[in-house]
Amino acid sequence: GAVVSQHPSRVICKSGTSVKIECRSLDFQATTMFWYRQFPKKSLMLMATSNEGSKATYEQGVEKDKFLINHASLTLSTLTVTSAHPEDSSFYICSASPVPGQSTDTQYFGPGTRLTVL
Amino acid sequence: RKEVEQDPGPFNVPEGATVAFNCTYSNSASQSFFWYRQDCRKEPKLLMSVYSSGNEDGRFTAQLNRASQYISLLIRDSKLSDSATYLCVVGKAAGNKLTFGGGTRVLVKP
């Protein structure tokens, strides 16, 4: 099946630093990847849609200058949390669709990155 | 009103019993429907897609009612390993964006 990896799986950083999270599709190409955030005991909330070779589309209320997304290739998208603060501590999950442009596509999720900002 | 609503549970289920729960969605233009399973501190994993005609995968049966805008999941002969949070997920036609429900927690006990 389609495999998506994320790195790092866990990161602890000091307030004010920036953290980069990588999302890779290992055995398929993904023109679109999605970034989600999940707070404890809450559901996944879509942050942004990452499109290869173009700017990401951010959901309402998500600061694009704080959460920088780069989708430089068909197998890699990165999310950088800039000037992280304790309230940014969360579980960040990416997903990718193997086939673009079809509404019935399933998404395959990475294992998530647990960010703790001290 | 949330786009996708679920009963958070928990549903405490004796091993071997049947459990069923629903999810409602507000956007009538929704095109795709899924049930995902999420274990504690793990990523969601696709359990099954949901089709208009209803579909079954082993002990799991999913139904879609477009008129009433709800989908359901039924688990027969519950196993201890079925304990998890079940996420109802709805997709729109454009952009392949998914909206997640808050999840229904199921606890299967011996």
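So, here is what we can say about the structure in this document.

What counts, and where the lines are drawn
Residues numbered from 1 in each chain as written. Chains lettered and ligands numbered in written order. Predicted model: local features only at pLDDT ≥ 70, side-chain atom pairs only at ≥ 80, totals over all residues. Heavy atoms only, no water. Helix = DSSP H or I, 4+ residues; strand = E, 2+ residues; numbered from the N terminus. Rg over C-alpha atoms; globule rule 2.2 N^0.38 Å. Buried < 20%, exposed > 50% of the residue type's maximum accessible area, 1.4 Å probe, protein only. Contact = heavy atoms within 4.5 Å. Areas by Shrake-Rupley, 256 points an atom, 1.4 Å probe, with all protein chains shown as cover. Buried area = accessible area lost by both parts, 1.4 Å probe. Salt bridge = Lys/Arg side-chain N within 4 Å of Asp/Glu carboxyl O. Polar contact = N/O pair within 3.5 Å; in protein donor to acceptor, adjacent residues only side chain to side chain. Nonpolar A, V, L, I, M, F, W, Y, C, P; charged D, E, K, R; others polar.

We now examine the overall build of chain A. When helices and strands are counted, chain A shows 0 helices and 11 strands. Reading chain A from its N terminus to its C terminus gives the helix and strand order β-β-β-β-β-β-β-β-β-β-β. What you see for chain A is a C-alpha radius of gyration of 13 Å, in line with the 13 Å of a compact globule of 118 residues. For chain A, the spread of C-alpha atoms along the principal axes amounts to about 40 × 25 × 25 Å. Buried positions account for 50% of the 118 residues belonging to chain A. A fraction of 54% describes how many contacts in chain A between residues 6 or more apart in sequence connect residues 24 or more apart. Here chain A has roughly 5800 Å² of accessible surface; of this, 53% comes from carbon and sulfur atoms.

On the chain B side, the residues contacting the 22 residues of chain A number 21 residues. Summing both sides of the interface, chain A and chain B together bury roughly 1600 Å²; the carbon and sulfur share of this comes to 52%. Taken together, the links from chain A to chain B amount to 1 salt bridge. The shortest N-O distance in the salt bridge between Lys-97 of chain B and Glu-59 of chain A comes to 2.9 Å. Counting across the chain A and chain B interface gives 4 residue pairs in polar contact (both at pLDDT 80 or more). At the level of secondary structure, the elements contributing two or more residues to the side of chain A that touches chain B comprise strand 4 (32–38), strand 5 (45–51) and strand 9 (90–96) of chain A. Sort the elements by how many residues they give to the side of chain A that touches chain B and strand 4 of chain A lands first, with 3 residues. Class assignment of the residues belonging to the side of chain A that touches chain B gives a composition of 8 nonpolar, 10 polar and 4 charged.

Read these as geometric descriptors, not functional statements.
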